[in-house]
Amino acid sequence: MQHTSEADQDEQATRPFEGLVVVELGHSVAAPFAGQIFGELGATVIKVEKHDGDAARAWGPPFQEGAATLFQTLNRNKQSVVCDLRDPAQTDTLKRLIAERADVVLQNLRPGQVETLGLDGAALLALRPSLIYCNMGAFGRAGPLRHRPGYDPLMQAFGGIMSTTGEAGRPSVRVGASIVDMGTGMWAVIGVLAALWQRQAGGQGRVVDVSLFETAATWVSLIASQVLASGEAPPRYGSGTASIVPYKGYATSDGEIVVAAGNDGLFRSLARVVGHPEWAEDPRFADNPSRVRHQAELYGMLDTIFALRPTAFWLEQLEAAGLPCSPVNDMNQMLAHPQTEALGLVQRVPGTAMDFIGLPLSFDGHRPRPRSRPPALGEHTETLLRQPATMTPTTEIQE
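Residues numbered from 1 in each chain as written. Predicted model: local features only at pLDDT ≥ 70, side-chain atom pairs only at ≥ 80, totals over all residues. Heavy atoms only, no water.

Asker: Before we move on, could you go through the environment of Glu115 and cite the residues and values that matter?
Answerer: Relative to the assigned elements, Glu115 resides in helix H5 (residues 113-117). The sequence separation of Glu115 and Ala67 amounts to 48 residues, and the corresponding C-alpha distance is 31 Å. (Helix = DSSP H or I, 4+ residues; strand = E, 2+ residues; numbered from the N terminus.)

Have a look at this one:
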């Protein structure tokens, strides 16, 4: 009798989608991130690439083990097939693969392209009625801009994120992380999971639509609600926020620190820590609405005080007083922090020398781990599409 080890059981527990087959007609960030989430959770993910591959393979330096690091971090746990989607024979082979095996299709090709190729949701659901098909567009399925392509920085600009990011009187700033692309990948997974849940009841597939623009608008929904209520577009507040004061970052004598004194009790504690307990009785700072109105005066004083001492001093004093605070870590500091290590966030990809940050969730205390390295271009073409992996396409697909 074969026994399953406790380690094997833990590993299986982190793969709830084992047996699920996902076909990724994707490139760049959004669809690959969604595909990788499914792959990390146990699904078989088949990545369809043009003959020179996903453009992200060249998004470097740095490069690691044959491709750009940006590509490698978004494409582990996948199989790669090369398919010229302009070649009807190859496209028919891909359709057959989807009809026979796929549970989910993710696509973020240029708007209108899948319809031209007969790879749209309606066409593929006609072949496999149980299929969950997810469009990951730029501007969404309707409206005057629905046919336009889009990328993360464009959507941070169009969706209003950049208008709220940066400092007053200076140009808008893009959030450094690809929050719109990766957020759209997350919404794709959420939408697909909801559709899979419904499919359990009736067996019927459906089309899910997500988009970069809708994701960007959602990220600023708290700010948008204030604008909808007041009609006033907010200025930029740097590390602060419009409606909570004091709630921002400060330069110390050797770095930066963020302090979030988000209620009256915390403000009183902060006033004591910085040596001005009388501020708590000052009518200008008596409550949050008052502090918001007089934030220029309050922040001017706090900026001067925090600049006098090093970050470590302030952290010790603030934490002892129970005040929420944090140093502004650079990437090396974050990656090397004992908290990052304790959570096992940085994971080695099996069979490689590459380390990446894993999924931000655990099951019964166990984080899903990478199962396989990112695929070489077309590595699984012959196996999955029954054609030579070195085939030369007749026409390059434009993405």
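Asker: Talk me through a nonpolar patch on the surface; I want residue IDs and the actual numbers.
Answerer: Where nonpolar side chains cluster on the molecular surface, the patch consists of Met331, Leu335, Val346 and Ile357 and spans about 350 Å² of accessible area. Relative to the helices and strands, Ile357 is located in strand E13 (residues 355-357). (Patch = residues over 30% accessible without salt bridge, like charges linked within 9 Å, V, L, I, M, F, W, Y side chains within 5 Å. Areas by Shrake-Rupley, 256 points an atom, 1.4 Å probe, with all protein chains shown as cover. Salt bridge = Lys/Arg side-chain N within 4 Å of Asp/Glu carboxyl O.)

Asker: Requested: an account of the packing of helix H2 (residues 30-40) against helix H8 (residues 179-202), with residues and values cited.
Answerer: For the pair H2 and H8, the least separation of the axes is 7 Å and the interaxial angle reads 50°. Between H2 and H8, the interaxial angle falls into the category oblique. The two elements H2 and H8 meet at a crossing, and its hand is right-handed. On H8, the residues that touch Ala30, Phe33, Ala34, Ile37 and Phe38 of H2 are Asp181, Met182, Thr184, Gly185, Met186, Ala188, Val189, Val192 and Leu193. Here the contact of H2 with H8 is built from residues that sort into 11 nonpolar, 2 polar and 1 charged. (Axes fitted to C-alpha atoms, helices over the stretch in contact; angles between N-to-C directions. Parallel < 35°, antiparallel > 145°, perpendicular 65-115°, else oblique. Left-handed = near helix turned anticlockwise from the far one by under 90°. Contact = heavy atoms within 4.5 Å. Nonpolar A, V, L, I, M, F, W, Y, C, P; charged D, E, K, R; others polar.)

Asker: Tell me about the packing of H8 against helix H9 (residues 212-219), and name the residues and values.
Answerer: Running from N to C, H8 and H9 cross one another at 100°; their axes reach a closest spacing of 9 Å. Our classification of the angle between H8 and H9 gives roughly perpendicular. Taking contact as the criterion, the partners of Ile179, Val180, Asp181, Gly183, Thr184 and Trp187 in H8 are, on H9, Leu212, Thr215, Ala216, Thr218 and Trp219. In the contact of H8 with H9, the residues fall into 6 nonpolar, 4 polar and 1 charged.

Asker: With reference to specific residues and values, describe unusual backbone geometry.
Answerer: Residue Pro61 is bonded to the preceding Gly60 through a cis peptide linkage, with omega at 5°. As for its placement among the helices and strands, Pro61 is situated in the loop between strand E2 (44-49) and strand E3 (63-64). The amide bond that connects Val245 to the next residue, Pro246, takes the cis arrangement and shows omega of 0°. Residue placement: Pro246 occurs in the loop between helix H10 (221-230) and strand E9 (247-251). The backbone of Glu65 sits at a positive phi, close to 50°, despite the residue not being glycine. Summarising the element assignment, Glu65 is placed in the loop between E3 and strand E4 (67-68). For Glu65, a relative accessible area of 48% puts it in the partly exposed group. Phi at Asp364 is positive, roughly 50°, even though this residue is not glycine. (Buried < 20%, exposed > 50% of the residue type's maximum accessible area, 1.4 Å probe, protein only.)

Asker: Break down the pattern of salt bridges for me, citing the residues and quoting the values.
Answerer: Scanning all chains against the criterion turns up 14 salt bridges. Put simply, Lys47 and Asp54 hold a salt bridge, and the shortest N to O gap is 3.0 Å. Like Asp54, Lys47 is buried. Between Asp152 and Arg174 there is a salt bridge; the shortest N-O distance is 3.5 Å. Taken together, the residues Asp152 in helix H7 (residues 152-158) and Arg174 in the loop between H7 and H8 connect sequence positions 22 residues apart.

Asker: Hey, could you go over the pairing of strand E1 (residues 21-25) for me, with residue numbers and the actual values?
Answerer: Burial analysis of E1 places 5 of its 5 residues in the buried class, which makes it a mostly covered element. Alternating positions in E1 separate into two faces, Val21, Val23 and Leu25 on one and Val22 and Glu24 on the other, with burial throughout. Bridge analysis of E1 against E2 gives 4 bridges, and the strand direction is parallel. Bridge pairing links Val21 to Thr44 in E2. Two strands pair when backbone bridges link them, and E1 and strand E6 (residues 104-107) are joined in this way by 4 bridges, in the parallel orientation. When the sheet's bridge partners are listed, Glu24 is paired in E6 with Leu106. (Pairing = 2+ DSSP bridges.)

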